[in-house]
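# Summary of structural features
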Amino acid sequence: MNQFLSRRSFILILTMSLLKIIFKPIQVLASSDTPQDKWKLSKDEWKSRLSPESYYILREEGTERAFSSQLNNEKRKGVFHCAGCDFPLFLSDQKYDSGTGWPSFWDSIKGSVETKVDFKLIVPRTEYHCSRCGGHQGHVFNDGPLPTGKRFCNNGLALRFVPD
Ligand SMILES: [Zn+2]
């Protein structure tokens, strides 16, 4: 009887560890896609954290003047973080010169941004924002280079560059 029970518990333990091995990678992927620690700050809290210019871009979906950001010409290796919450959004390897006057990327770090459609210019555009704090970054278009064909057109004031 004891032997039977121990064999059963051995099989149970074995099954549990197999399930853990199978499900662990899925959990890791899911957590990187949806940050669990979303920021929820009030308007006043954001105003005290950000410059008026960055507040206008990040929290009111503003757009900076073309060619006004120094990050437009940033060519060093590094990571572009959200200026609101410091979440890493783009790698320098994903940046390219689109000639538009705004820092442009052909892809973002997986799970770092979320999109929504806006109609501010009547024609629908796809807005994207930091997936952690919801801060507006820019708009994404389908006229970018390969391999994605995407152009993430980003406000420089919404980013903070961290060189390697
Ligand atoms: Zn953010």
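Described in the following lines is the structure provided in the data block. (Residues numbered from 1 in each chain as written. Predicted model: local features only at pLDDT ≥ 70, side-chain atom pairs only at ≥ 80, totals over all residues. Heavy atoms only, no water.)

## Regarding the sheet that holds strand S9 (residues 159–163)
Strand order in the open sheet formed by three strands is S2-S1-S9, with antiparallel pairing between adjacent strands. With one partner strand each, in any of the chains shown, strand S2 (88–91) and S9 form the two edges of the open sheet. Neighbour to neighbour, the strand axes of the sheet diverge by 30 degrees on average, direction disregarded. Here five bridges tie strand S1 (residues 78–82) to S9, and the two strands are oriented antiparallel to one another. Across the sheet, residue Gly78 finds its bridge partner in S9, namely Pro163. (Pairing = 2+ DSSP bridges. Helix = DSSP H or I, 4+ residues; strand = E, 2+ residues; numbered from the N terminus. Axes fitted to C-alpha atoms, helices over the stretch in contact; angles between N-to-C directions.)

## Topic: the pattern of salt bridges
In this structure the tally under the stated criterion is ten salt bridges. Among the ionic pairs, Lys120 bridges to Glu61, the shortest N-O distance being 3.8 Å. Here Glu61 lies in the loop between helix H3 (52–60) and S1 and Lys120 lies in strand S5 (residues 113–121), a separation of 59 residues in the sequence. With a shortest N-O distance of 2.8 Å, Arg76 and Glu74 are connected by a salt bridge. We classify Glu74 as buried; its relative accessible area is 13%. One connected set of salt bridges, linked through shared partners, spans Glu61, Lys116, Lys120 and Glu127. (Salt bridge = Lys/Arg side-chain N within 4 Å of Asp/Glu carboxyl O. Buried < 20%, exposed > 50% of the residue type's maximum accessible area, 1.4 Å probe, protein only.)

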